[in-house]
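Chain by chain, the residues run as shown.
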Amino acid sequence: MKCLTLTAARPITRVTLRVGPDQGDEPGVWAALTAEEARELARRLLAQAARAESTAAAGPAAGAGVGAARV
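Below is a short write-up of the structure. (Residues numbered from 1 in each chain as written. Predicted model: local features only at pLDDT ≥ 70, side-chain atom pairs only at ≥ 80, totals over all residues. Heavy atoms only, no water.)

1. Section: the overall build of the protein chain
We count it as follows: Helix and strand definitions here come from DSSP, where helices need a minimum of 4 consecutive H or I residues and strands a minimum of 2 consecutive E residues; each element is numbered from the N-terminal end. Buried, partly exposed and exposed residues are distinguished by accessible area as a fraction of the type maximum, computed with a 1.4 Å probe on protein chains only: under 20%, between the cut-offs, and over 50%, respectively. Only heavy atoms enter the contact rule, under which two residues are in contact if any of them lie within 4.5 Å. Only the protein chains shown count as covering a residue, and every accessible area follows the Shrake-Rupley method with a 1.4 Å probe.
Scanning the protein chain from terminus to terminus reveals 1 helix and 2 strands. Taken across its 71 residues, the protein chain has 7% of its residues classed as buried. For the protein chain, restricting intrachain contacts to residue pairs at least 6 apart in sequence, the fraction spanning at least 24 positions comes to 11%. When the accessible surface of the protein chain is totalled, it reaches about 6400 Å², and 59% of it is carbon and sulfur.

What follows is the structure in C-alpha cells.
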C-alpha cells in the first residue's frame, strides 16, 4: 500500500478508490464515492469477507456451486 498525503486547500468531499491499474499511457480506473457510498461499500465488503471466512472454515464442499452472494 502506498502512503497517502492529504494537502488539499479545501475540505475533501469525496472518497476516491483506485480499482484498476494504469494501462501504459492511460490512467487506471478510479471511483469517487460520497462518504455514505464509501461506508455502504465497506459494509458490503465486510459482509462478503465474513461469508468467505465462514465458507473456508466449513470446508471446500460448503462453497461448492455457490457464486458471489449479493448483500
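2. Side note on the pattern of salt bridges
Just so we agree on the cut-off: One speaks of a salt bridge when a side-chain nitrogen belonging to Lys or Arg is within 4 Å of a carboxyl oxygen belonging to Asp or Glu.
Following the criterion strictly, the structure yields 3 salt bridges and no others. With its nearest N and O atoms 3.9 Å apart, the salt bridge here joins Arg 18 to Asp 22. Glu 40 is paired through a salt bridge with Arg 43; the nearest N and O atoms lie 2.7 Å apart. Within this pair, Glu 40 and its partner Arg 43 are both found in helix H1 (residues 35-58), separated by 3 residues, close to a single helical turn. Owing to a relative accessible area of 42%, Arg 43 belongs among the partly exposed residues under this scheme. Residues joined by salt bridges that share partners form a network here, namely Glu 40, Arg 43 and Arg 44.

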